[in-house]
Amino acid sequence: MYSQMKKKTPNHINIPKTPYNTSHDDDDDSTEHSPHIQLCNNLNPCCFFCIMKEQDPSLRKSKISTYFKEMPQIDNQEHVLVLSGLWNIAMTQPNDPEFPSLGIFNCMAKLITKGTNNKHWLLQSQNIYIPYYAAHIIGSYTMHKEEFAQMAIRSGVIPPLLELLKGRISWVEQRVAVRALGHLASYRSTFELVSEYESELVKSTMNLASSCLEKIYVEFVSVKRRVQYHRNLLTRGLGDLEMENRKAEEWASQLQCWCIYLLNCFASKDSNSLNLICKKVFLNDLCDMWGGLMNNTSPGGFGLIRILCYNKLGRKKISESPKVVKSLCNLSRSCDDWQYLGIDCLLLLLKDQNTRYKVIDNVDVVSCLVDLIELRRLGDKSNVGDTIITKVLVQLLEHTNNDCYKFATKLVSLDSKIDRRNKERLMSEVELKEKLVTAKLMKKEGNKMFSLGKVEEALLKYFEALEVCPLRYRNERMVIYSNKAQCSLLLKDPDSAISDSTQALCLCNPANTHGKSLWRRSQAYDMKGMAKESLLDCVMFMNGFVKSNEKNSVKVPYHVARMFCKQMDATWMFRNACSKSKSKSKVIEKIEGDYESGNESNYEELDQTYDHKKNFMAGLCTIMEKPFHVKEGRRRKMERARRRFKKGVVVARLM
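A brief structural summary.

Reading the values: rules and limits
- Residues numbered from 1 in each chain as written.
- Predicted model: local features only at pLDDT ≥ 70, side-chain atom pairs only at ≥ 80, totals over all residues.
- Heavy atoms only, no water.
- Helix = DSSP H or I, 4+ residues; strand = E, 2+ residues; numbered from the N terminus.
- Buried < 20%, exposed > 50% of the residue type's maximum accessible area, 1.4 Å probe, protein only.
- Contact = heavy atoms within 4.5 Å.
- Areas by Shrake-Rupley, 256 points an atom, 1.4 Å probe, with all protein chains shown as cover.
- Phe/Tyr/Trp six-rings, centres within 6.5 Å; stacked < 30°, edge-to-face > 60°.
- Salt bridge = Lys/Arg side-chain N within 4 Å of Asp/Glu carboxyl O.
- Expected span 1.5 Å × (residues − 1).
- Arc of directions from axis to C-beta.

### Thoughts on the overall build of the protein
And step 1. Looking only at helices and strands, one finds 36 helices and 2 strands in the protein.
And step 2. Burial status across the protein gives 55% buried among its 655 residues.
And step 3. Sequence separation of at least 24 residues holds for 71% of the intrachain contacts in the protein that already meet a minimum separation of 6.
And step 4. Just so you have it, the protein exposes about 30400 Å², and 49% of that area is on carbon and sulfur atoms.

So this is what it looks like as structure tokens:
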């Protein structure tokens, strides 16, 4: 089927330059095609573009309605041009009721059904583009208007969209299908109708969210000869390889985030799907679903985790997953835009008596929250640190008993800090100034020891300075914490460095802007192999550095740029997919050797490698292109093996 698609798909889809396709799409699908067609000179009753020229409004609406009814039943090369024009109108005028009232949803549903059921028709001319544009039009019109969503569901759009979601054609259609389904499920009046397909929708969406990055890497990024219509949709046939790769990353991120959004709609309604969503394997996968630099408007998997934390069953399942809890701790101590999501989730888990002590067993949780108690403002959230203290940690201290001794020892620093705050409120201004002077002297002694290479002695002096310095002098304490973090780095203690840097970043104003602390924490995260957190701190440091040296045109230091490049490579969206692909290639190599030697003992291993993905490449777009790292010689060996073992053995296929 893939070879047929390559032969029949044209190099460029011919989209006319009409008034209806000159605008931009909200998800960056809007680059125009250069080719155009000659429109009819006279009004043709069978031509959509001629119908749009009709001067009489009532007659024009009647003709458009008739055209929508007849369009799925007629084979016409003009269809893809019409859909492209409708797509642009839907994106620029999504609230215009004209086309929805004239039956566009019913027409789009029938076109998608025709594409998924009739492979012969789909591979003719430019019909391969039709399901993509049809699903995109449905999603665009239902994006803002609830009444349009109701019309769409009454027109029967859910079953054909569900077929696209399952991968009946390819991943580009899955992307727009899940987008449209997410809009349909987001309204109260339409959710009940969508939920009739709940089990099927949720299972398919979960599977797609977990596998889409690997799917796109295998089917598009890693292949030499890419499917032409995918390339055309990504860059409108005008981009080079670099642009295609960039757009593939962007669309992959959107696909994953729209899957999460659709699951959010079910999770927030306290539906029966919670048992499916709260599976441990999927919760662990959510921690790695990061909107990232490609899609920074989405909280990724943590958005869904937060919604689950507002549900009793969700909290129970999350508290039983150490990876999720640890990821929430890492998020709450990072400079991620969604930092507050992590804090909020931890507070919800600790407030619940049924999950509190399961979470407490994780040392990172309490120490993480203690590091954040001096955080005042975070985005639009104020008094964040006080909220942590009053709503959770103080209550935990009050309810601590002998059975919770291990937990109580973790809160010693919090208890002492609260006690210090109460004592300092009773001190005079003179006493506080004297303490500040003493703290500064200790800090100077620590600096001197540090310059002499006595790092451990310097660390001790900084610790003593913090014990003396009044809590109200935030800037002075910020510097001491940052110096302390540097000592911990040199002593190869990344955990302490992260804790000290985090406390320093909580004390600065605004939060997470102190350059040295950001750089030191980035280094500490790098020591622990936490590439995402290290990258975020590195980016924040670079932004602050460039902004502070904007007038002097100072370049970013080489070591910072090197760290940035390293972490960008480590957090590449398709990195895990690439590693898995290479692992599969090694398995194939081994099986190929068995084919040559006649050893069939490992054929079952290859079966297991591909069986769990048997639907992975299913559908019309069955791409069997070899990745870049597979050599030509291996393909020849495989062909010889196929001819030699036609019966009784498993045929290994290069993915």
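### Overview of the packing of aromatic side chains
And step 1. Counting across every chain of the model gives 19 aromatic pairs.
And step 2. One aromatic cluster in this structure is built from Trp87, Tyr132, Tyr133, Trp171, Phe220 and Trp251.

### Here's the deal with the pattern of salt bridges
Side chains carrying opposite charge are able to pair once their charged atoms draw close together.
And step 1. Tallied over the full model, the rule gives 30 salt bridges.
And step 2. A salt bridge links glutamate 163 to lysine 166; the shortest N-O distance between them is 3.8 Å.
And step 3. Classification of glutamate 163 by relative accessible area gives partly exposed; the value is 23%.
And step 4. Assessed through its relative accessible area of 37%, lysine 166 is described here as partly exposed.

### Describing helix H3 (residues 57-70)
Each full turn of the α-helix corresponds to 3.6 residues, which orients residues three or four apart in the same direction.
And step 1. For H3, which comprises 14 residues, the first-to-last C-alpha distance of 20 Å matches the rise-based estimate of 20 Å (1.5 Å per residue) to within 8%.
And step 2. The complete set of buried residues in H3 reads Arg60, Ile64, Ser65, Tyr67 and Phe68. The arc enclosing the buried residues of H3, seen along the axis, measures out at 160 degrees, which places them on a common side. In H3, the exposed positions that point more than 90 degrees away from the buried face belong to Ser58 and Lys69.
And step 3. In this structure, the buried residues of H3 make contact with helix H2 (48-51), helix H4 (79-92), helix H5 (98-101) and helix H6 (104-117).

### What to know about unusual backbone geometry
And step 1. For the bond from asparagine 509 to proline 510, the omega torsion is -5 degrees, close enough to zero to count as cis.
And step 2. Phi at lysine 492 takes a positive value of approximately 60 degrees, unusual for a residue other than glycine.
And step 3. Structurally, lysine 492 can be placed in the loop between helix H29 (474-490) and helix H30 (494-507).
And step 4. A relative accessible area of 64% means that lysine 492 is categorised as exposed.
And step 5. In this model, asparagine 512 sits at a positive phi of 65 degrees, which is unusual for a non-glycine residue.
And step 6. By secondary structure assignment, the location of asparagine 512 is in the loop between H30 and helix H31 (515-527).
And step 7. Under the relative-accessibility criterion, asparagine 512 is labelled buried at 8%.

No statement about biological role is implied by the geometric values presented.
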